[in-house]
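# Descriptive structure summary
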Amino acid sequence: LAGALWGRLVDRADRFWAMCFAVFLTCLAYCMLAVCTDPFAWYMLAASFMTGTGQICTVVSSQAFIQEYSAAEVRGAVMGLFGTCGSLGQIVHVFIGGLLFSNWRMQGPFWWMGLMNLLVLLSALVLAKWLQPNAPDGSTQASVMLQEGHHT
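Report follows, based on the coordinates. Residue positions are counted from 1 within each chain, in the order its sequence is given. In view of the model being predicted, local features appear only for residues whose pLDDT reaches at least 70, and side-chain atom pairs are presented and counted only at 80 or more, with totals across whole chains, interfaces and linings using the full set of residues. To obtain the side-chain values, all non-hydrogen atoms of the structure were included, while hydrogens and water were left out.

### Concerning the environment of Cys-20
Helical segments are the DSSP runs of H or I of at least four residues, strand segments are the runs of E of at least two, and each set is numbered from the N terminus. With respect to the element layout, Cys-20 can be found in helix 2 (residues 15-35). Any residue under 20% of the maximum accessible area for its type is buried, any over 50% is exposed, and the rest in between are partly exposed; the area is computed with a 1.4 Å probe on protein chains only. Residue classification places Cys-20 among the buried residues on the basis of a relative accessible area of 6%. Placed 42 residues apart in sequence, Cys-20 and Ser-62 show a C-alpha to C-alpha distance of 9.1 Å. When neighbours within four sequence positions are excluded, Cys-20 is seen to be in contact with Leu-121, Ala-124 and Leu-125. Residues are treated as being in contact if the distance between any of their heavy atoms lies within 4.5 Å.

### A closer look at the nonpolar core
Take the buried residues of types Ala, Val, Leu, Ile, Met, Phe, Trp, Tyr and Cys, join any two whose side-chain atoms come within 4.5 Å, and each joined set is a nonpolar core. In this structure, Phe-16, Met-19, Cys-20, Val-23, Phe-65, Tyr-69, Leu-121 and Ala-124 together form the largest nonpolar core, which totals 8 residues. Elements supplying a minimum of two residues to this core: helix 2, helix 3 (42-69) and helix 5 (108-127). Considering each element in turn, this core owes the most residues, 4 residues, to helix 2. Excluding residues within four positions of it along the chain, Leu-121 makes contact with Cys-20, Val-23 and Phe-24.

### Section: the pattern of salt bridges
Each salt bridge in this description consists of a side-chain nitrogen of Lys or Arg and a carboxyl oxygen of Asp or Glu lying within 4 Å of one another. Under the criterion given, the structure shown has 2 salt bridges. Between Arg-15 and Asp-11 there is a salt bridge, with its nearest N and O atoms 3.3 Å apart. Classification of Arg-15 as buried rests on a relative accessible area of 14%. Under the relative-accessibility criterion, Asp-11 is labelled exposed at 53%. Between Arg-15 and Glu-68 there is a salt bridge, with its nearest N and O atoms 3.7 Å apart. Of this pair, Arg-15 sits in helix 2 while Glu-68 sits in helix 3; the two residues are 53 residues apart in sequence, bridging distant segments of the chain. A residue is classified by how much of its surface remains accessible, and Glu-68, at 22% relative accessible area, is partly exposed. One salt-bridge network, held together by shared partners, links Asp-11, Arg-15 and Glu-68.

### So, helix 5
If you check helix 5, its first and last C-alpha atoms are 28 Å apart, about what 20 residues at 1.5 Å a residue would give, namely 28 Å. When we look at burial in helix 5, the residues that qualify are Gly-108, Pro-109, Met-113, Gly-114, Met-116, Asn-117, Leu-121 and Ala-124. An expected span of 1.5 Å times one less than the residue number is assigned to each helix.

### Brief notes about the side chain of Ser-70
Here Ser-70 lies in the loop between helix 3 and helix 4 (75-103). The class of Ser-70 is buried, set by a relative accessible area of 8%.

Written out as structure tokens, the structure is:
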């Protein structure tokens, strides 16, 4: 339900800021899980719900973001690379989370994911000044330069 609602919102909002908000929500939710000491408390359910909502919002908004900011002629390749990096990230972070759980504390994986989402958010904000969305005809500045013969 959250994914469908977020998808409609992302279609009407600035996709970069929607993605940043979704990543922030996910970061906050993981940190809430990290500070939960009683797995049966009501706030654990709220934090879990918020984590799931943040995750699906991040997936939906990041895919919409890629659609808006990648050139039409390479969009499929960009989406494929995005999916591959996401899969590798899941493998690596599950491994690191397991190590943190086993060798440090049970909240370790949640702190780790909160930190990783914070780093993604900060990276996006730093790199935002270089963003240029597609033109109405679907072209990007890079594709226009390639068509005009400006190879770098």
